[in-house]
Amino acid sequence: GILEEPQEHFEAIKSAYPHFLHGRASDGSVVFVELVGRLDVSCLPDDADVGRHFAFVHEFLSKRYDGEATRLVSVLDVRGIE
């Protein structure tokens, strides 16, 4: 699966589009934060596949919380978008 495949642009994509696992909300939901307002695609290699990166990240989260009755909450921080 995608988790076993090399992610050669992982760090470049993380740098260009900061996102991270924040932890859990008070109701137990897993909180994932995306800093949309800090997106900078100018520093990405032409062959960087951001969609595939997010499939990788979400598959990782799915495996990490496998077997738990939980839900994922994505927080989109748009500060900085004009």
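Above this text is the structure in question.
Residues numbered from 1 in each chain as written. Predicted model: local features only at pLDDT ≥ 70, side-chain atom pairs only at ≥ 80, totals over all residues. Heavy atoms only, no water.

### Side note on the pattern of salt bridges
Point 1. One pass over the full model with this rule turns up four salt bridges.
Point 2. As a salt-bridge pair, Glu-5 and Arg-52 come within 2.3 Å of each other at their nearest N and O atoms. In this pair, Glu-5 is assigned in the segment before helix H1 (10-16) and Arg-52 in helix H2 (residues 50-64), connecting sequence segments 47 residues apart.
Point 3. The partner of Asp-27 in a salt bridge is Arg-71, and the shortest N-O contact between them spans 2.6 Å. Of the two residues, Asp-27 sits in the loop between strand S1 (19-24) and strand S2 (30-34) while Arg-71 sits in the loop between H2 and strand S3 (72-76), which places them 44 residues apart along the sequence. (Salt bridge = Lys/Arg side-chain N within 4 Å of Asp/Glu carboxyl O. Helix = DSSP H or I, 4+ residues; strand = E, 2+ residues; numbered from the N terminus.)

### Focus: the packing of aromatic side chains
Point 1. Per the counting criterion, the structure on display carries two aromatic pairs.
Point 2. Pairing Phe-10 with Phe-56 gives two aromatic rings, centres 6.0 Å apart and planes at 80 degrees, and the pair type is edge-to-face. Here Phe-10, found in helix H1, pairs with Phe-56, found in helix H2; they are 46 residues apart in sequence, far enough to count as distant.
Point 3. Classification of Phe-56 as buried rests on a relative accessible area of 14%. (Phe/Tyr/Trp six-rings, centres within 6.5 Å; stacked < 30°, edge-to-face > 60°. Buried < 20%, exposed > 50% of the residue type's maximum accessible area, 1.4 Å probe, protein only.)

### Examining the environment of Arg-79
Point 1. Along the chain, the position of Arg-79 falls in the segment after S3.
Point 2. Note on Arg-79: relative accessible area 66%, which makes it exposed.
Point 3. If near-sequence neighbours (up to four positions away) are discounted, Arg-79 is found in contact with Gly-37 and Arg-38. (Contact = heavy atoms within 4.5 Å.)

### Comments concerning a nonpolar patch on the surface
Point 1. A contiguous nonpolar patch, built from Leu-76, Val-78 and Ile-81 and spanning about 290 Å² of accessible area, is present on the exposed surface.
Point 2. Relative to the assigned elements, Leu-76 resides in strand S3.
Point 3. Exposure remark for Leu-76: the relative accessible area of 51% places this residue in the exposed category. (Patch = residues over 30% accessible without salt bridge, like charges linked within 9 Å, V, L, I, M, F, W, Y side chains within 5 Å. Areas by Shrake-Rupley, 256 points an atom, 1.4 Å probe, with all protein chains shown as cover.)

### Some points on the nonpolar core
Point 1. Core analysis: the largest hydrophobic core is formed by nine residues, namely Ile-2, Tyr-17, Val-30, Phe-32, Phe-54, Phe-56, Val-57, Leu-61 and Tyr-65.
Point 2. Only S2 and H2 provide two or more residues apiece to this core.
Point 3. Broken down by element, this core gets its largest block of residues, four residues, from H2.
Point 4. If we ignore the near neighbours within four places in the chain, the residues touching Tyr-65 are Leu-21, Arg-24, Val-30 and Thr-70. (Core = buried A, V, L, I, M, F, W, Y, C linked by side-chain atoms within 4.5 Å.)

### Notes on the pairing of S1
Point 1. The pairing of S1 with S2 spans five bridges and is antiparallel. By the bridge assignment for S2, Arg-24 is matched with Val-30.
Point 2. Here S1 folds back onto S2, and the loop between the two strands holds five residues, one of which, Gly-28, carries a positive phi near 95 degrees. (Pairing = 2+ DSSP bridges.)

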